[in-house]
Amino acid sequence: MSDPVQLFHTCLVNEIGPEVGMAAVRLLERLGHPVGVPLDQTCCGQPAYNAGFHDEARSAARHMLRVLSATEGVIVIPSGSCADMLVHQYELLFRDEAEWREKAHAIAGRCRELSQLLAEEWPRMPAGARLRARVAYHPSCHLLRGLGVRDAPLELLRAVEGVTLAEVEDQEECCGFGGLFSVKQPEISGRMLERKLAAVAASGADRLVSCDLGCLMHLAGGLRRQGVGLAVQHLAELLDEALP
Amino acid sequence: MSAVPPFVERVRSALGDERLHVALGRATEALRSRRASAFASLEDSDRVRDLARKAKLEVLADLASQLQRFEERLVANGVEVHWAETGEEANRLVLEIARRHGVKRIVKSKSMATEETHLNHALERAGMDVVETDLGEYIVQLNQDRPSHIILPIIHLTREDVGAVMHRRIQVPLSDDPRTLAGFARAKLREEFLRADMGITGANFGVVETGTICLVTNEGNGRMVTTLPRVHVAVMGIEKLVPTLEDLDLFLRLLARSATGQKITTYTTLLRGPRRPGDECGPEAMHVILLDNGRSRLLAGDDAEILGCIRCGACLNACPIYKSIGGHAYGDTYPGPVGAIVTPGLRGLHGWSELPAASTLCGACRDVCPVRLDIPRMLLGLRRETVRTEKTPLGLRLGLKAFGWIAPRPKLYRAAAAAARRLVRARAREGWVRRLPGLGGGWTQARDLRAPAATTFQEQWTHRQQTARATGSTPGASAGGAGGAGVRRQQAHKPEAASGAGLTPAERAGGPGGAAQHPPARRR
């Protein structure tokens, strides 16, 4: 029996991609973690923060800190971007408020992005993960350069028998999502999206996988607009699908 | 200078320029891969970067006294030192120096500081004959253009463009062969070097300890400019100081690698004053103009760190936004991520607040910066400043105010999210939305939107917990395949594997919300 974990599911998973959250829950349970979902969680505040509305971001952040502080155990987040917000940005957001900064620091120490935790604990996973797929992996920027997680998702994909990794040109380049950026600068965002999708198409992959639903929504929306039928998945879904 | 068109127009015109797109893609990619291999050859590169960053930040923290020491050394070396509060003042000083020395013809080597002050225009207006001698800058000048990259001023032109410009402006035979074109330019520039009365340069670094000006070039023009004419004027930003020659060594190792992917540039010139008795060459007089032009204000603010920039251009090459829109779209002297901070820093946020907003905060710039400037953090700071001091779109402002109020109120938050979900779902067909009104229109301009789920994760989770309780199993307690009924039952709710973003037409037909209608998606 492993330690209990708390799932911070994120807004996008809740509203747009609940299957990602359910897959994450099943994976964590397979590792023996009793999963708790604090139902009063809302949003980490990143949209307001990135737009420069720090008062509003702090209001969301205080709430999240209150909710998460009332729980125990590792906080698992199926999003590099939201995880980076909690792990790195909260302390900056509260740099002038010692009490909240300390709370933020304590929570930051408890947070793990899902692929980080899964990669560490994968040896304990029941064997037999198997899936025939040629996967283009898109490292989301906040996971890769924010949290510094480069290898964990790749290790997980390699651990699945039958999965081959497609080589994507400029793999680590941003897809152009960027939260509100995608709405406020649709032309630049669209150009970046086109470039990313062209690289993915050239890779010969039959699936596109990432660890952030934001990027995935953006990429899937672009594929849909182009009329391209390429499967797009969160890493948690792929792993859940591959396990016996 | 003529008025700069609005950002949105600059972006649109850049995105519409297919040749620019191709040129930028090729050049930035070449520079990125050269940089990567050059860094592979630098032993302990992380430590070198840390040391360089430390040296820079220490100078900046103590800039006033460092500048004073630097000035003392320069004067002791026989250099005349001038201080310019603004760009206009710097230009006026250059002009005064030129008149004092009876100068008519001026040659220049590449300098961002004099781009910033628009020195060429000022000198030409005063009747001086000025020629840029860096090949790229020479073409810019011939084309009455503006540089669009810190290192490669004409990154936006193809070699055919360059041939056409030279043919038109200096009447050489039309060609698109780079060697031939460079040969024409060399012959032409040689005459200019020999005729010039004064040379103007910038400074890559100023070494406090010795009062040395360091210039880093690849074409050798920097040497010609500083040795052939009888007067040399260096215009340098006050932030360009490094403490010692030993520190300079750190920066030289980083600069060429970051800028062009070279281990060292072809010419590294260290200048310590005018010609001394017995010297065979060198100018009779040397002047250094120390330019503030907004730097003191930057130094006093939250973004003082950006003054540590050594103008290598690596962040431009790494930036997917720069790669998309090129340098001119940034509207001022410094393009790319560094420009998005320096431009509002030097000129004020008003009129320039779109620059820090136009970023996905992807962090590629921070990753390649030789002195590890935290550009995303500074962009975020400028966005906050924008909200405080500038007009922001009403819809966005109200929306985010409401967000701030609702986010700490879970019930209200869920209700608002449910209402939004219903609204968007009502516009969906086959699980996708093709067009949204208002702010959402920005999204659907470039891509479709996957319709929100019919039931949220929390609803699905709660349902699962209740079912598990009813059947007496505890889903959380089951490890591995021994999963209780709760786990298995839920798997029947699991959407078709690849429906994460619903991709095959068949999957779309059900829409994400309808995914539960699919058979269990166990595939082995």
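A few words on the overall build of chain B. Looking only at helices and strands, one finds 25 helices and 12 strands in chain B. Contacts spanning at least 24 positions in sequence make up 72% of the contacts within chain B whose residues lie at least 6 apart. Looking at chain B as shown, the accessible area adds up to about 22,700 Å², and 53% of this sits on carbon and sulfur atoms.

A word on the side chain of B:Asn120. All names here are of chain B. Looking at the secondary structure, you find Asn120 in helix H7 (residues 119-125). Look at Asn120 and you get buried, because its relative accessible area is 14%. Discounting chain neighbours no more than four positions away, the residues touching Asn120 are Lys108, Val130, Glu132 and Gln141.

Such a bond, covalent and formed between the sulfur atoms of two cysteines, is termed a disulfide. Residues and elements named next belong to chain B. Taken as a whole and judged by the stated rule, the model has 0 disulfides over all chains. Cys281 carries a free sulfur, and the closest cysteine sulfur to it, the one in Cys214, is 17 Å from it. Free cysteine Cys312: the closest other cysteine sulfur is in Cys369, separated by 6.3 Å. Given the relative accessible area of 7%, Cys312 is considered buried.

This next bit is on helix H11 (residues 186-202) of chain A. All names here are of chain A. The terminal C-alpha atoms of H11 lie 24 Å apart, and with 17 residues this matches the ideal 24 Å at 1.5 Å per residue to within 8%. Counting buried positions over the 17 residues of H11 gives 12, a clear majority of the element. Considered for burial, the residues of H11 that qualify are Pro186, Ile188, Ser189, Gly190, Arg191, Met192, Leu193, Arg195, Lys196, Leu197, Ala199 and Val200. Backbone geometry just downstream of H11 places Gly204 in the positive-phi region, at approximately 75°.

Residues and elements named next belong to chain A. Domains assigned within chain A are domain 1 (5-118) and domain 2 (128-242). The C-alpha centroid of domain 2 is placed 22 Å from the C-alpha centroid of domain 1. Taken together, the contact pairs 27 residues of domain 1 with 20 residues of domain 2. Taken over both partners, the interface formed by domain 1 and domain 2 buries close to 1,800 Å², and the fraction arising from carbon and sulfur atoms is 69%. Among the residues of domain 1 in contact with domain 2, Leu12, Val20 and Ser115 are the three that bury the most area, contributing 25% of the side total. Counting across the domain 1 and domain 2 interface gives 2 salt bridges. Between Arg30 and Asp240 there is a salt bridge; the shortest N-O distance is 3.0 Å. Our count for the contact surface shared by domain 1 and domain 2 stands at 8 residue pairs in polar contact (both at pLDDT 80 or more).

This part covers the interface of chain A and chain B. The interface of chain A with chain B comprises 89 residues on the first partner and 86 residues on the second. Both faces combined, the contact of chain A with chain B buries some 7,800 Å², and carbon together with sulfur accounts for 58% of it. Taken as a group, A:Phe53, A:Arg224 and A:Arg225 account for 11% of the area that chain A buries against chain B, more than any other trio of residues on that side. Inspection of the region where chain A meets chain B yields 11 salt bridges.

Residues and elements named next belong to chain B. Pairing in this open sheet of 6 strands is parallel, and the strands run S1-S10-S7-S4-S2-S3 from one edge to the other. With one partner strand each, in any of the chains shown, strand S1 (80-84) and strand S3 (129-132) form the two edges of the open sheet. This sheet shows a mean twist of 20° between the axes of neighbouring strands, independent of strand direction. For strand S7 (residues 231-237) and strand S10 (residues 285-291), the ladder comprises 7 bridges, and the chain directions are parallel. Bridged to Met236 within S10 is Leu290. Helix H4 (residues 63-76) contacts S1, S7 and S10 of the sheet and is inclined by roughly 145° relative to S1.

Another point: the pattern of salt bridges. Residues and elements named next belong to chain B. Scanning all chains against the criterion turns up 48 salt bridges over all chains. Of the charged contacts in the structure, one is a salt bridge between Arg384 and Asp302, with a shortest N-O distance of 3.4 Å. You can see Arg384 sitting in helix H19 (residues 375-389) and its partner Asp302 sitting in the loop between helix H13 (295-300) and helix H14 (314-318), a full 82 residues away along the chain. Overall, Asp302 belongs to the exposed group, its relative accessible area being 52%.

Moving on, we come to the packing of aromatic side chains. Residues and elements named next belong to chain B. Here the structure, examined in full by the defined rule, presents 5 aromatic pairs over all chains. Ring centres 6.4 Å apart and planes at 25° place the aromatic pair Phe457 and Trp461 in the stacked group. Residue Phe457 and its partner Trp461 are located together in helix H23 (residues 457-471), separated by 4 residues, close to a single helical turn. Each member of the pair Phe457 and Trp461 is classed as buried. It is Arg311 that lies over the ring of Tyr334; its NZ or CZ is 4.3 Å from the centre. The ring centre of Trp443 lies 4.5 Å from the NZ or CZ of Arg447, which sits over that ring.

Residues and elements named next belong to chain B. Burial runs high along S10: 7 of the 7 residues are buried. On S10, burial covers both faces: Ala285, His287, Ile289 and Leu291 on one face and Met286, Val288 and Leu290 on the other are all buried. With 5 bridges joining them, S1 and S10 adopt parallel strand pairing. What sits directly across from His82, in S10, is Ile289.

Here is what the cut-offs are and how they apply
- Residues numbered from 1 in each chain as written.
- Chains lettered and ligands numbered in written order.
- Predicted model: local features only at pLDDT ≥ 70, side-chain atom pairs only at ≥ 80, totals over all residues.
- Heavy atoms only, no water.
- Helix = DSSP H or I, 4+ residues; strand = E, 2+ residues; numbered from the N terminus.
- Contact = heavy atoms within 4.5 Å.
- Areas by Shrake-Rupley, 256 points an atom, 1.4 Å probe, with all protein chains shown as cover.
- Buried < 20%, exposed > 50% of the residue type's maximum accessible area, 1.4 Å probe, protein only.
- Disulfide = S-S within 2.5 Å.
- Expected span 1.5 Å × (residues − 1).
- Domains from an automatic or database assignment.
- Buried area = accessible area lost by both parts, 1.4 Å probe.
- Salt bridge = Lys/Arg side-chain N within 4 Å of Asp/Glu carboxyl O.
- Polar contact = N/O pair within 3.5 Å; in protein donor to acceptor, adjacent residues only side chain to side chain.
- Pairing = 2+ DSSP bridges.
- Axes fitted to C-alpha atoms, helices over the stretch in contact; angles between N-to-C directions.
- Phe/Tyr/Trp six-rings, centres within 6.5 Å; stacked < 30°, edge-to-face > 60°.
- Lys NZ or Arg CZ within 6 Å of the ring centre and 35° of its normal.

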